[in-house]
Amino acid sequence: MAAQQCGPGDVHVWMISPAPPLPAACDSWAILSAHERSRAERFHFEADRQWYVARHYAVRSILSGYVDAAPSELVFGYGEAGKPELTYPPGSGIRQNLSHASSLAVLAVTRDEPVGVDIERKRPVPEACDIARRMFSEGEYRLIAAASGAARDEAFLRCWTCKEAVVKATGQGITAPLQSFDVGAAMGGAIATIHLEGDGENPWVIASLAVGPEHIGAVVRRGTLGRVEMCTWGPEGTR
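Here's a quick rundown of the structure. (Residues numbered from 1 in each chain as written. Predicted model: local features only at pLDDT ≥ 70, side-chain atom pairs only at ≥ 80, totals over all residues. Heavy atoms only, no water.)

Before going further, it helps to spend a moment on unusual backbone geometry. Here the bond from tyrosine 88 into proline 89 is cis, since omega is 5°, no more than 30 degrees from zero. Considering the arrangement of structural elements, one finds proline 89 in the loop between strand S3 (84-88) and strand S4 (94-101). The phi angle at serine 102 is positive, at roughly 50°, despite the residue not being glycine. Of note, serine 102 is situated in the loop between S4 and strand S5 (104-111). Taking relative accessible area as the criterion, serine 102 reaches 43% and is therefore assigned partly exposed. The residue aspartate 112 is not glycine, and still its phi comes out positive at about 75°. Its place among the elements puts aspartate 112 in the loop between S5 and strand S6 (115-121). (Helix = DSSP H or I, 4+ residues; strand = E, 2+ residues; numbered from the N terminus. Buried < 20%, exposed > 50% of the residue type's maximum accessible area, 1.4 Å probe, protein only.)

Now the structure itself:
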């Protein structure tokens, strides 16, 4: 039975990592769909396959806490850019998005409006200015170019996660022109509102995520953004 409640405009962001291990009695493979099992079988390295299975098991376990269905009963449809949406059980209003980087995954859950989330591992980005000049807006490029060293790397990654979260929320994926919108107001960690062409008066709201010392993250929700609650998932459903 559904137990988790997500208030109007709120976003729950679940942090998922490979540890702690799944219980020995848990058949995580069995609750995945045929599509998910097929994707898992394509991984060359066993560790990558196990991490894929673990995070998708976690996604199903988490979402089943919001709807009246067992993890194995959940059905996902896929948009043109491959974004999954929960289609069964119908009428729940639950919207979700998953991102992962190295040993961390995050699942953003909200109701009724699209949501996107992205995380990146903190790392040097020596080509930051070149990428920003080609792919980002002029204002974003200037913010990145004005920084140096680790501050430049972080500015680039903050911009990247904000932009990726936006295009994941809209469902456009990599087809979206990243220079067509500016997330500079969100790069400093402030909550920011942006309007995309063709969306009328319905904005997108961006918030940075505190996802630990090794990662940078951002979440985007359409319309209004209420409380962003960080949650930690474990095999027993830690909150």
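This paragraph deals with the layout of surface pockets. For the largest pocket, the calculated volume is near 740 Å³. The set of elements that each furnish at least two residues to the lining of the largest pocket consists of helix H2 (34-41), helix H3 (46-64), strand S2 (75-78), S4 and helix H6 (149-170). Space inside the second largest pocket adds up to approximately 190 Å³. What lines the second largest pocket is a set of 14 residues, among which Thr170, Gln172, Ser180, Leu196 and Glu197 lie closest to the centre. The residue makeup of the lining of the second largest pocket, split by class, is seven nonpolar, four polar and three charged. (1 Å grid on protein atoms, 1.4 Å probe; cavity = no way out; pocket = protein on both sides within 12 Å on 5 of 7 lines; lining within 4 Å. Points joined across faces, edges and corners; volume = space filled by probe spheres on them. Nonpolar A, V, L, I, M, F, W, Y, C, P; charged D, E, K, R; others polar.)

Take the sheet that holds strand S7 (residues 192-194) next. Consider a sheet: its strands pair through backbone hydrogen bonds, and that pairing is either parallel or antiparallel. Spatially, four strands are ordered S6-S9-S8-S7 in an open sheet, and the strand pairing comes out antiparallel. Sheet topology places S6 and S7 at the edges, where each strand pairs with a single neighbour. Each neighbouring strand pair of the sheet contributes to a mean axis angle of 20°, computed without reference to strand direction. Where S7 and strand S8 (residues 204-209) come together, three bridges link them in antiparallel fashion. The partner of isoleucine 194 across the bridge, within S8, is tryptophan 204. H6 contacts S6, S7, S8 and strand S9 (215-222) of the sheet and is inclined by roughly 150° relative to S6. (Pairing = 2+ DSSP bridges. Axes fitted to C-alpha atoms, helices over the stretch in contact; angles between N-to-C directions. Contact = heavy atoms within 4.5 Å.)

Before going further, it helps to spend a moment on the packing of helix H4 (residues 128-135) against H6. Put simply, H4 and H6 touch, their axes get as near as 10 Å, and they point 35° apart. By crossing handedness, the relation of H4 to H6 is classed as left-handed. Seen from H4, the contacting residues are Ala128, Cys129, Ile131, Ala132 and Met135; seen from H6, they are Arg152, Phe156 and Trp160. For the contact of H4 with H6, the class distribution of residues is seven nonpolar, no polar and one charged. (Left-handed = near helix turned anticlockwise from the far one by under 90°.)

Take the packing of aromatic side chains next. Evaluation of the coordinates by the stated rule reveals five aromatic pairs. With centroids separated by 5.4 Å and ring planes inclined at 45°, the aromatic side chains of phenylalanine 43 and tyrosine 52 adopt a geometry described as tilted. We classify tyrosine 52 as buried; its relative accessible area is 1%. With a centroid separation of 5.5 Å and 25° between ring planes, the pair formed by phenylalanine 136 and phenylalanine 156 is classed as stacked. Separated by 20 residues along the polypeptide, phenylalanine 136 in the loop between H4 and helix H5 (138-146) and phenylalanine 156 in helix H6 bring together distant segments of the chain. This pair shows no difference in class: phenylalanine 136 is buried, exactly as phenylalanine 156 is. A connected cluster of aromatic rings, assembled from ring pairs, spans Phe136, Phe156 and Trp160. One cation-aromatic arrangement involves arginine 55 over tryptophan 51; the distance from NZ or CZ to the ring centre is 5.4 Å. Over the face of the ring belonging to phenylalanine 181 we find lysine 163, whose NZ or CZ atom lies 4.2 Å from the ring centre. (Phe/Tyr/Trp six-rings, centres within 6.5 Å; stacked < 30°, edge-to-face > 60°. Lys NZ or Arg CZ within 6 Å of the ring centre and 35° of its normal.)

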